[in-house]
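A closer look at the structure
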Amino acid sequence: MSSSEAAMRDASQPSRRAMLAVALGAAALAGGCFQPLYAENTRSVTGGSIKDTMKEVEIPEIKGLIGHYLRNELVFELDGGGEPDRTKRLKFDTSIAESVEVVTVDYQNGRADSAVLVATATWTVTEIGSGKVVSKGTNSVRAPYERSSQRFATVRAARDAQIRAAKNLATLIRGQMAADLVAG
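Residues numbered from 1 in each chain as written. Predicted model: local features only at pLDDT ≥ 70, side-chain atom pairs only at ≥ 80, totals over all residues. Heavy atoms only, no water.

**Thoughts on the pattern of salt bridges**
A full pass over the atoms with the stated rule returns four salt bridges. Arg142 is the salt-bridge partner of Glu101, the closest N and O atoms lying 2.8 Å from each other. With a gap of 41 residues between them, Glu101 in strand β2 (residues 90-106) and Arg142 in strand β4 (residues 133-146) connect regions that are remote in the sequence. Measuring nitrogen to oxygen at the nearest pair gives 2.7 Å for the salt bridge that ties Arg156 to Asp160. Pair noted here: Arg156 and Asp160 are both in helix α5 (residues 151-181), with a separation of four residues, about one helical turn. Its relative accessible area of 36% is what places Arg156 among the partly exposed residues. (Salt bridge = Lys/Arg side-chain N within 4 Å of Asp/Glu carboxyl O. Helix = DSSP H or I, 4+ residues; strand = E, 2+ residues; numbered from the N terminus. Buried < 20%, exposed > 50% of the residue type's maximum accessible area, 1.4 Å probe, protein only.)

In structure tokens:
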């Protein structure tokens, strides 16, 4: 290629530096739109910051083993467990359903080798004063566990699956609740 062809090619294409500058400029403009969900200045639909609003959710006792652990996890995840009690302006309500799916069966003795616990929580968060629903959802998790010929081992594995399911549900609920509470 001759030097005149190279010069023409360079003149017809935008320089790499100009393209890089345009890309960085666009990224800088878009970067100003990013707002961390749990930042102090992220506003909630109920007033105040998301972080403070989450601490104002009352979580009553929930029946069952999964309900017990779900409540404990939510109290810790929403409040952090480190501050004195705040006045509760929101109330969390849930119903939990659980089922067991058998995954594999040992055909020699007809016993299930492993199973999957499926836990589903249908929940709402309402304002205590007005009764207005500010967040709601349905979340499901699956927790596999091994079944043994030893009865206690199977019972303990099933209980561990329930505890894992409750922890996973709490994390999902917290994230969805926070996203629903962000003021548009």
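**Let's talk about the packing of helix α4 (residues 64-79) against α5**
Remark: α4 packs on α5, axes separated minimally by 8 Å, with the N-to-C direction vectors making an angle of 40 degrees. Taken as axis vectors, α4 and α5 run oblique relative to one another. For the element pair α4 and α5, the recorded crossing hand is right-handed. Contacts from Leu65, Ile66, Tyr69, Leu70, Glu73, Leu74, Glu77 and Leu78 in α4 reach Arg159, Gln162, Ile163, Ala166, Lys167, Leu169, Ala170, Thr171, Ile173, Arg174 and Met177 in α5. (Axes fitted to C-alpha atoms, helices over the stretch in contact; angles between N-to-C directions. Parallel < 35°, antiparallel > 145°, perpendicular 65-115°, else oblique. Left-handed = near helix turned anticlockwise from the far one by under 90°. Contact = heavy atoms within 4.5 Å.)

**With respect to the sheet that holds β2**
Overall, mixed pairing links the four strands, which are arranged β1-β2-β3-β4 in an open sheet. Both edges of this open sheet fall to β1 (57-58) and β4, since each of them pairs with a single strand only. By the bridge criterion, two bridges tie β1 to β2 in an arrangement that is parallel. Looking at the pairing, Glu58 lines up with Lys91 of β2. Along the sheet, α5 makes contact with β1, β2, β3 (111-127) and β4, crossing β4 at roughly 155 degrees. (Pairing = 2+ DSSP bridges.)

**Digging into the nonpolar core**
If you look at the biggest cluster of nonpolar residues, it comprises 31 residues, and the most contacted ones within it are Leu70, Phe92, Ile173 and Met177. Where this core is concerned, the elements lending two or more residues are α3 (50-54), α4, β2, β3, β4 and α5. Residue contacts for Phe92: discarding those within four places in its chain leaves Val57, Glu58, Ile59, Pro60, Ile62, Leu74, Trp123, Thr124, Val125, Ile173 and Met177. (Core = buried A, V, L, I, M, F, W, Y, C linked by side-chain atoms within 4.5 Å.)

**Topic: the pairing of β4**
Judged from the 13 bridges that link them, β3 and β4 form a sheet pairing that is antiparallel. When the bridges of β4 are listed, Ala119 appears paired with Val141. The hairpin formed by β3 and β4 contains five residues between the paired strands, and Gly131 there has a positive phi angle of roughly 80 degrees.

**Describing the environment of Gly129**
Turning to its location among the elements, Gly129 is positioned in the loop between β3 and β4. Along the backbone, Gly129 and Leu90 are 39 residues apart, and their C-alpha atoms lie at a distance of 8.4 Å.

**Description of a nonpolar patch on the surface**
On the surface, Val102, Val105 and Tyr107 cluster together into a nonpolar patch covering about 340 Å² of accessible area. Inspection of the secondary structure puts Val105 in strand β2. (Patch = residues over 30% accessible without salt bridge, like charges linked within 9 Å, V, L, I, M, F, W, Y side chains within 5 Å. Areas by Shrake-Rupley, 256 points an atom, 1.4 Å probe, with all protein chains shown as cover.)

**Overview of the pairing of β3**
As paired elements, β2 and β3 share 16 bridges and run antiparallel to each other. If you follow Thr94 over to β3, its bridge partner there is Trp123.

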